[in-house]
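Each chain, letter by letter, is given below.
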Amino acid sequence: MKKKYIVPFILGLVFVSISSNAQTKVFKKEEFKQWAQTPPMGWNSWDCYGPTVEEHEVKANADYMAKNLKKFGWEYIVVDIRWFVENDKAGGYNQTDPRYVIDQYGRYLPAVNRFPSAKDEQGFKPLADYIHKQGLKFGIHIMRGIPKKAVEDKMPIKGANGITADQIYTTALQCEWLKDNYTILADKPGAQEYYDSIFELYASWGVDFIKIDDLSRPYHEGEINLIRNAIDKCGRKIVLSTSPGETPITAAPHVKEHANMWRMVDDVWDTWPHITHLMKVSEQWYPHIAPGTWPDCDMIPLGRISVRGERGEDRMTRLTKDEQYTLITFFNIFKSPLFFGGDLPSNDAFTLSLLTNNDVVKMHNESTDVKQLFQKDGKIAVTSKNPKDGSVYLALINISDTASENISVNLSDLGIYGNTAVLNMWTGEKSKVSSAAISAELKPHSSVLYQLKGKK
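Residues numbered from 1 in each chain as written. Predicted model: local features only at pLDDT ≥ 70, side-chain atom pairs only at ≥ 80, totals over all residues. Heavy atoms only, no water.

(A) Inspection of the pattern of salt bridges at higher detail. Considering all chains together, one arrives at 30 salt bridges under this definition. The closest approach of N and O atoms between Arg311 and Glu310, which form a salt bridge, is 3.5 Å. Between Lys362 and Asp389 there is a salt bridge; the shortest N-O distance is 3.1 Å. Remark: Asp389 occurs in the loop between strand 17 (379–385) and strand 18 (392–398) and Lys362 occurs in helix 12 (residues 358–366); sequence separation between them is 27 residues. Residue classification places Lys362 among the partly exposed residues on the basis of a relative accessible area of 33%. With a relative accessible area of 26%, Asp389 lands in the partly exposed category. Among the charged side chains, a salt-bridge network with shared partners connects Glu30, Lys33 and Glu257. (Salt bridge = Lys/Arg side-chain N within 4 Å of Asp/Glu carboxyl O. Helix = DSSP H or I, 4+ residues; strand = E, 2+ residues; numbered from the N terminus. Buried < 20%, exposed > 50% of the residue type's maximum accessible area, 1.4 Å probe, protein only.)

Encoded structure:
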């Protein structure tokens, strides 16, 4: 028989008291887009700690970010999956005898043995306060749906007038790879109230960002509607990330009216095929890059990953330096949200340099009109513009496995004519181009990122 742990009834009274003092502002339709006018940037615990991260590790990464990255725009610290399980494991998930922490309204709570500041029914508020005091923002991960434990015990849904969890669930479309939750029937009385109740709780903790898993394949439009409504009613500006899987392009009109960012692919790990697959899938998403709503390339698998991860042994990224430059170049010029997956305090100087290049950060924040010029024969060219200073950005990438390639773009295709000043944004090297085209000879898996200024 599986052992489960339920916190006492008094916990609900404490949270009622906390939430009753929370802000009650209701946000207007699409106001959420104002909360992420530039692509969010932060750290996520998944790549290095899987479902096992502990409070001291979260704080260590927050301390590093505050000291080394905050001034470059990095601000979110996100606790990823299963923070409510006391006995999870590295290299997968403990689905045999998980010890959940959950309140009487069917809402998961942090495991105190992993997050000691959550004692005395404080939830994540003390940890969020610690992060906020450093000028950073706090985020969490959850799975869509309602806990199986809440259904099995017919737990009441807060604010739902006697409706219990077993009245709003279905076993259909349950997540295939993690069985903690059931699907919520979005049209059932009590379904909206359940999502309202968990976001009321998260707002009281001071959550600024939420990553919600298993929403994209298949695309769960009904639950996404419930989530959007709940965030807009909770009184706190919580940036929404839908994840993971290849969000179908047919869902683009809906997802960009409900989420701040959405995953285009499954998890991106430190292998070259993951990167080339991402670049291929991204082709269909360029028209949907816009302030407040961002197609998401996934976390950045650089630095020290899999300390206690879900995949592989403790290691520095397996990507070569050329491949690391290519990955970070693509993520930046595509204007993807940037969430570093490695253990920040373990960074070496090279890894840190990939995250703190002023010219690249400026491009990521200020550029517009992102588009792919071509992706063929192992060659990729992506461009964007900076409306503030008139710069044109150009990334050239050789995705071939064996051959060096000369990749060339006509300057007229970039709207530039005549003598052009060229800045190699990673090396700082400056040059001029007076010919009709700009080109680079690139080794397999390598890239170059230029800032161009010329006559329009």
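(B) Representation of the packing of aromatic side chains in the model. Applying the stated rule across the entire model yields 24 aromatic pairs. Here the aromatic rings of Trp83 and Phe124 are separated by 5.1 Å at their centres, their planes lie at 65°, and the arrangement is edge-to-face. Of this pair, Trp83 sits in the loop between strand 3 (76–79) and strand 4 (101–102) while Phe124 is found in the loop between strand 4 and helix 4 (125–132), placing the two residues 41 residues apart along the sequence. Residues Trp83 and Phe124 agree in their burial class; the two are buried. Ring plane angle 55° and centroid distance 5.8 Å describe the contact between Trp262 and Trp285, whose orientation is recorded as tilted. Placement of the pair is Trp262 in strand 11 (residues 261–263) and Trp285 in the loop between helix 9 (272–282) and strand 12 (294–296), with a sequence separation of 23 residues. Neither residue differs from the other here; Trp262 and Trp285 are each classed as buried. By the ring-pair criterion, three or more aromatic residues cluster together here, those being Trp83, Phe84, Tyr100, Tyr108, Phe115, Phe124, Phe138, Phe199, Tyr202 and Trp205. (Phe/Tyr/Trp six-rings, centres within 6.5 Å; stacked < 30°, edge-to-face > 60°.)

(C) Looking closely at the domain arrangement of the protein chain. For the protein chain, the assigned domains read domain 1 (31–366) and domain 2 (374–454). In this structure, domain 1 and domain 2 have C-alpha centres spaced 33 Å apart. Taken together, the contacts link 22 residues of domain 1 with 25 residues of domain 2. Both sides of the domain 1 and domain 2 interface together cover about 2000 Å² of buried area, and 63% of this is carbon and sulfur. Taken as a group, Thr329, Ile333 and Glu366 account for 28% of the area that domain 1 buries against domain 2, more than any other trio of residues on that side. There are two salt bridges connecting domain 1 and domain 2. Inspection of the domain 1/domain 2 interface yields ten residue pairs in polar contact (both at pLDDT 80 or more). Counting residues per element, the side of domain 1 that touches domain 2 draws most heavily on helix 10 (residues 321–333), which supplies eight residues. A class-by-class count of the residues in the side of domain 1 that touches domain 2 yields ten nonpolar, five polar and seven charged. (Domains from an automatic or database assignment. Contact = heavy atoms within 4.5 Å. Buried area = accessible area lost by both parts, 1.4 Å probe. Polar contact = N/O pair within 3.5 Å; in protein donor to acceptor, adjacent residues only side chain to side chain. Nonpolar A, V, L, I, M, F, W, Y, C, P; charged D, E, K, R; others polar.)

(D) Spotlight on empty space enclosed by the protein. Throughout the structure, instances matching the rule amount to four cavities of 30 Å³ or more. In this structure, the largest cavity occupies an estimated 100 Å³ of space. Lining the largest cavity, in full, are Asn44, Phe209, Lys211, Ser241, Ser243, Met261, Arg263, Asp296, Asp298, Met299 and Phe339. The set of elements that each furnish at least two residues to the lining of the largest cavity consists of strand 9 (209–213) and strand 11. Here the residues of the lining of the largest cavity are counted per class, giving four nonpolar, three polar and four charged. (1 Å grid on protein atoms, 1.4 Å probe; cavity = no way out; pocket = protein on both sides within 12 Å on 5 of 7 lines; lining within 4 Å. Points joined across faces, edges and corners; volume = space filled by probe spheres on them.)

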